[in-house]
Amino acid sequence: MYKKLAVCSLLIAIIALILPNYVSNVIGTIIGSYLFFTNESSNSDGTIFTKEELKLYNGIDNTELYLSILGNVFDVTRGKKHYGPNQQYNVFVGCDASRSFVTGMFGKEDISEEVIDFSKEELSSLNHWVKFYKKEYNQVGKLVGKYYFQDGKPTPYGEKVNKLIKEAELVKEHEKEQLKKFPHCNVEWDANQGSKLWCSNKSGGISRDWVGVPRQYYDVNTKSYRCACIKQDQVNNIGNIKEYEGCDKGSNICFVKT
Ligand code: HEM
């Protein structure tokens, strides 16, 4: 009997030595399953919250304040004066109210995670808030549901929104570049004189080391003409601009009647 026990122990010890990875994998799986079934499975992005768990982080049931935006959960306890009970932005805590960050509608009935119908501008403004929370507060996990699965991986909906946001940010970046390249003119209107359009090295809020000349510039985003300051050495190379009638084409000031 004792001999059998000794042989068995020896065999187990040898297996454990020969197959350390296997043994640690089994132990890992057991611990992992425990964490998974307790619904607070740890992964590299933190905790996975269910809606019911997140609801408790409202400053009453739980003194900590957590909010979710696009399924990313942040600890905003530090911002108690904004998010605490009875405070202006209390509606955001204990849930995912992504939609309200853009609509500005803070009623309980307005709470929604749905943002797929947002325009590029709205998605970009929503992403501004995501960046704000990433910078100002700590992300403590993810919310299981619309944006993330239980294992922390994004849902197809989450991936779609992410893709739309990336596209929106690219468009915004392009628009910013266009504004730098073709800054707005200064405009002054007078009932007798009409409009005075002129360029300066700060017009359109773009500080630069050149002034430029006013031209009618066709903006493909707004599908309309606006006054833009064009670098003088580029006026002949740009397709979607035209001169203002009756204006000196080399001058940085132009008067137009309409
Ligand atoms: C879509 C509309 C709006 C949203 C989603 C929104 C959201 C927020 C949020 C989340 C905060 C807290 C930021 C933090 O954690 O520090 C905040 C702060 C604040 N908001 Fe709004 N807000 C909106 C519109 C407005 C408007 C229209 C006003 C003013 C008329 C306003 C005035 C303020 C002020 C004064 C603060 C406090 C700033 C500080 O103490 O640092 N908000 N807003």
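Calculation rules
Residues numbered from 1 in each chain as written. Predicted model: local features only at pLDDT ≥ 70, side-chain atom pairs only at ≥ 80, totals over all residues. Heavy atoms only, no water. Near = heavy atom within 4 Å. Polar contact = N/O pair within 3.5 Å; in protein donor to acceptor, adjacent residues only side chain to side chain. Helix = DSSP H or I, 4+ residues; strand = E, 2+ residues; numbered from the N terminus. Nonpolar A, V, L, I, M, F, W, Y, C, P; charged D, E, K, R; others polar. Salt bridge = Lys/Arg side-chain N within 4 Å of Asp/Glu carboxyl O. Donors = N, O, S within 2.8 Å, 3.2 Å for Na, K, Ca; no water. Expected span 1.5 Å × (residues − 1). Buried < 20%, exposed > 50% of the residue type's maximum accessible area, 1.4 Å probe, protein only. Contact = heavy atoms within 4.5 Å. Phe/Tyr/Trp six-rings, centres within 6.5 Å; stacked < 30°, edge-to-face > 60°. Pairing = 2+ DSSP bridges. Axes fitted to C-alpha atoms, helices over the stretch in contact; angles between N-to-C directions. Parallel < 35°, antiparallel > 145°, perpendicular 65-115°, else oblique. Disulfide = S-S within 2.5 Å. Core = buried A, V, L, I, M, F, W, Y, C linked by side-chain atoms within 4.5 Å.

**Some details on the site of the ligand**
Part 1 of the reasoning: In the region of the ligand, the neighbouring residues are K81, H82, Y83, Y89, S100, F101, G104, F106, W129, F132, Y133 and Y137.
Part 2 of the reasoning: Within the side chain of Y83, one N or O atom sits 2.5 Å away from an oxygen atom of the ligand.
Part 3 of the reasoning: Note that an oxygen atom of the ligand is positioned 2.6 Å from one of the side-chain N or O atoms of Y137.
Part 4 of the reasoning: When contributions to the shell around the ligand are tallied by element, the ones reaching two or more residues are α4 (80–83), α5 (100–103) and α6 (120–136).
Part 5 of the reasoning: Tallied by class, the residues present in the shell around the ligand amount to eight nonpolar, three polar and one charged.

**Description of the pattern of salt bridges**
Part 1 of the reasoning: Inspection of every chain in the model, using the stated rule, returns nine salt bridges.
Part 2 of the reasoning: In this structure, the salt-bridge partner of R99 is D117, at a minimum N-O distance of 2.9 Å. Placement of R99 in the loop between α4 and α5 and of D117 in the loop between α5 and α6 is noted, with a sequence separation of 18 residues between them.
Part 3 of the reasoning: A salt bridge links D219 to R226; the shortest N-O distance between them is 3.7 Å.

**Things to note about the coordination of the iron atom of the ligand**
Part 1 of the reasoning: Looking at the iron atom of the ligand, one finds just one donor atom contributed by the protein, Y89 (OH), at 2.0 Å.
Part 2 of the reasoning: Relative to the helices and strands, Y89 is located in the loop between α4 and α5.

**Focus: α6**
Part 1 of the reasoning: For α6, with 17 residues, the first-to-last C-alpha span of 24 Å sits near the 24 Å given by 1.5 Å per residue.
Part 2 of the reasoning: Buried within α6 we find L123, S124, L126, N127, V130 and Y133.
Part 3 of the reasoning: Elements that come into contact with the buried residues of α6 comprise β3 (66–69), β4 (72–75), α4, α5 and α7 (156–181).

**A few points about the packing of aromatic side chains**
Part 1 of the reasoning: Counted according to the given criterion, the structure contains 19 aromatic pairs.
Part 2 of the reasoning: Summarising the aromatic geometry, the rings of F92 and F106 are spaced 5.5 Å apart at their centres and angled 70 degrees between planes, so their arrangement reads as edge-to-face. Placement of the pair is F92 in the loop between α4 and α5 and F106 in the loop between α5 and α6, with a sequence separation of 14 residues.
Part 3 of the reasoning: The exposure class of F106 is partly exposed, given its relative accessible area of 33%.
Part 4 of the reasoning: Judged by centre distance (5.7 Å) and plane angle (75 degrees), the ring pair of F101 and Y133 falls under edge-to-face. Remark: Y133 occurs in helix α6 and F101 occurs in helix α5; sequence separation between them is 32 residues.

**Some points on the sheet that holds strand β7 (residues 194–198)**
Part 1 of the reasoning: One open sheet holds the three strands; their spatial order is β6-β7-β11, and the pairing between them is antiparallel. Of all the strands in the sheet, just β6 (186–190) and β11 (253–256) have a single pairing partner and so form its edges. Shown here is a sheet whose adjacent strand axes are inclined to one another by a mean of 20 degrees, direction ignored.

**Side note on the packing of α6 against α7**
Part 1 of the reasoning: Here α6 crosses α7 at 100 degrees, and the two axes come no closer than 9 Å. Comparing the axis directions of α6 and α7 gives the class roughly perpendicular. Side by side, α6 and α7 meet where K120, L123, S124, N127 and K131 of the first sit next to L164, I165, E167, A168, E169, V171 and K172 of the second.
Part 2 of the reasoning: For the contact of α6 with α7, a count of residues per class yields five nonpolar, two polar and five charged.

**A few points about the state of the cysteines**
Part 1 of the reasoning: Following the criterion strictly, the structure yields three disulfides and no others.
Part 2 of the reasoning: Between the sulfur atoms of C199 and its disulfide mate C229 the distance is 2.2 Å. Around the S-S axis, the bridge from C199 to C229 shows a dihedral of about -105 degrees and counts as left-handed. Here the residue C199 occupies a position in the loop between β7 and β8 (213–219), and C229 occupies one in strand β9 (residues 224–230), the gap between them amounting to 30 residues. The burial state of C199 is the same as that of C229; both residues are buried.
Part 3 of the reasoning: The side chain of C247 participates in a disulfide bridge whose partner is C254; the two sulfur atoms lie 1.8 Å from each other.

**Considering the nonpolar core**
Part 1 of the reasoning: Membership of the largest hydrophobic core comes to 26 residues, with the highest contact counts inside it found for L67, I69, L70, V76, Y83, V115 and Y133.
Part 2 of the reasoning: Looking at this core, the elements that each hand over two or more residues are β3, α6 and α7.
Part 3 of the reasoning: I69 has contacts with F74, D96, S98, F101, L126, W129, V130 and Y133, leaving out every residue within four places of it along the chain.
Part 4 of the reasoning: One finds C199, Y244, C254 and V256 within the second-largest nonpolar core, a separate group that totals ten residues.

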